[in-house]
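Letter by letter, the chains look like this.
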Amino acid sequence: MQDGHLVQLDSVRKSFGDNLVLDDIDLSIDRGAAIVVAGPSGSGKSTMLRCINGLESIESGTIRFDGRPVKSSGREIYGIRAQIGMVFQQFNLFPHMTVLQNITLAPLEVGDAGREPSERRARDLLERVGIPEKAGDYPADLSGGQQQRVAIARALAVEPKLMLFDEPTSALDPEMIREVLDVMRDLAREGMTMIVVTHEMGFAREVCDRIVFIDEGQIVEQGTPDEFFNHTQSERAKEFVDKIIHH
Amino acid sequence: MSGLWEVLTEHLPEFSSGFFVTFRLVAISFVIAMVVGTLVAAMRVAPVRWLNVVGGVYVEFFRNIPLLVLLIIAFAGLRRAGVPINGWVAGIGSLGLYTASYIAEALRSGVFAVGRGQIDAALSLGLSYPRTLRRIVLPQAFRTVIPALASLIIAMIKNSAIVGASIVALPDLLKESRQVQAETFQTNEVFFWAAVGYLVLTLTATLAFRYFESRFQIRR
């Protein structure tokens, strides 16, 4: 019934001042696919994610989500964003709200769900990310790993069709990275469409369907984890794989 | 000549009536100042150019004219122009709108303390910009600027005496005290009690804000 890709980028360009951060990006993502976006820092990975849900505007090209054009201004973007969950490097939980309030905010403000079903669903989500006992706590009372798991639950509360992860483990202590990656792995296995910007190549190798390698605003190479790690094509990707795997 | 205590007991009706006039004046002005101040702050940070300009003009107008001049414009000026404004409206309007300009600026500084990531997170959940402002940005901005708001409200309570001393001449604590002083000539005793009356209001405000601060403080 809905054919075509869930996300489609055509010739997307974006610059900050004189600095071209996305240079003619073409990318399509199938429903149910888990994509890892890798590349050196400053290569435009995060910017690309932020363009997909309209947090950043693009200069030329088109982005389509579920067949609808994504524009960073206008009313339509609110409806599109409500179908895309996003998880940030710095968690960005709302510090003046409890964990439960963080998760029920969007269903109550954006959706038409009542308080009771929203809270029930929030508790289910907390169960799913493994911290049902934290519902009444404030974000400041949680560890980094717990905060990020709440952030994932918050993004899932609107029942998104797509999840964007912007370096979700980069701000975490090593011992907490595992617990967040486990939640993401489960999500991928359940068939959630997700785009993950990460340096966790173990996760990429094990979980994702496709790795997209970006450098200097261009997609240099993309392929399955096996193709990417074992049969790397481009010099730049080879260099990157060497650096990240052998250190 | 009667003593300090006798001055209070003999003129209790005047003192208490003046106290409650002042109380009413500052209570209503406080509500106006908070509501208008919040709206103006929201206008100044909205991503809409003309709203920024309107908010900016408001702040510069009300912050840069002495309260006493505002009171004269609001009362005598409007009457001269044929607007039948009464003393309460002129007094509350002037004091409330004047204080609102300071509150708007305090809140605006609080808005800047809320990280860009908070706005990104709210927008990414599908909240519109106005809702993001109302549910995420302003609640955090308020909590950040509670100490600054306390200072502004205390200043407002003290500024309320200007309303009684001005052409508007509401029978507030200061005005009633001057009346009693004119009858008794016991200047020190009378204004001792006037000072106590203002202290009751300012210290109550101080304690209330201290409570809000401990109750709503954000731990990050």
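Now for a description of the structure that goes with this document. (Residues numbered from 1 in each chain as written. Chains lettered and ligands numbered in written order. Predicted model: local features only at pLDDT ≥ 70, side-chain atom pairs only at ≥ 80, totals over all residues. Heavy atoms only, no water.)

### What to know about the interface of chain A and chain B
Short version of the rule: In what follows, a contact means two residues having at least one pair of non-hydrogen atoms within 4.5 Å. Buried area: the accessible surface (1.4 Å probe) lost by two parts on joining, summed over both. In what follows, salt bridge is the name for a side-chain nitrogen of Lys or Arg lying within 4 Å of a carboxyl oxygen of Asp or Glu. As used in this structure description, the phrase polar contact means that two N or O atoms lie within 3.5 Å; if the pair is within protein, one of them must be able to donate a hydrogen and the other to accept it, and residues adjacent in sequence are counted only when both atoms belong to side chains. Counting from the N terminus, the helices are the DSSP runs of H or I reaching at least four residues and the strands are the DSSP runs of E reaching at least two. Side-chain classes are defined by residue name, with Ala, Val, Leu, Ile, Met, Phe, Trp, Tyr, Cys and Pro counting as nonpolar, Asp, Glu, Lys and Arg as charged, and the others, Gly among them, as polar.
Counting residues at the interface gives 25 residues for chain A and 22 residues for chain B. Summing both partners gives a buried area of about 2100 Å² for chain A against chain B, and 59% of it is carried by carbon and sulfur. One can count three salt bridges joining chain A with chain B. Across the chain A-chain B interface, the total number found is seven residue pairs in polar contact (both at pLDDT 80 or more). If you tally residues by element for the side of chain A that touches chain B, the top one is helix α3 (residues 99-109) of chain A, at three residues. The class makeup of the residues in the side of chain A that touches chain B is 17 nonpolar, three polar and five charged.

### Observations concerning the pairing of strand β1 (residues 7-16) of chain A
Residues and elements named next belong to chain A. Under the convention used in this document: Think of it this way: DSSP has to see at least two bridges between two strands before they count as a pair.
Pairing of β1 with strand β2 (residues 19-29), which is carried by seven bridges, proceeds in the antiparallel orientation. The residue of β2 that forms the bridge with glutamine 8 is serine 28. From the end of β1 to the start of β2, which pair antiparallel, there are two residues, and glycine 17 there has a positive phi angle of about 65 degrees.

### Concerning helix α4 (residues 67-80) of chain B
Each α-helix turn comprises 3.6 residues. Residues three or four places apart therefore point the same way. Residues and elements named next belong to chain B. Test applied: Residue count minus one, scaled by 1.5 Å, sets the expected span of a helix. We define the bend at each residue as the angle formed by axes fitted to the 7 residues ending at it and the 7 residues starting at it. Only protein chains enter the area calculation, which uses a 1.4 Å probe; residues under 20% of their type maximum are buried, those over 50% are exposed, and those in between are partly exposed.
Here α4 is 14 residues long and its end C-alpha atoms lie 19 Å apart, about the 20 Å a rise of 1.5 Å per residue gives. At isoleucine 73, α4 shows its largest kink, close to 30 degrees. Residues of α4 that are buried include every one of Leu67, Leu70, Leu71, Ala74 and Phe75, and no others. As for α4, its buried residues are in contact with α3 (49-63), α5 (87-113) and α8 (146-165). Where α4 terminates, the next one or two residues include glycine 82, which has phi positive at roughly 95 degrees.

Note that every value here comes from positions in space, so none of it alone points to a role or purpose.
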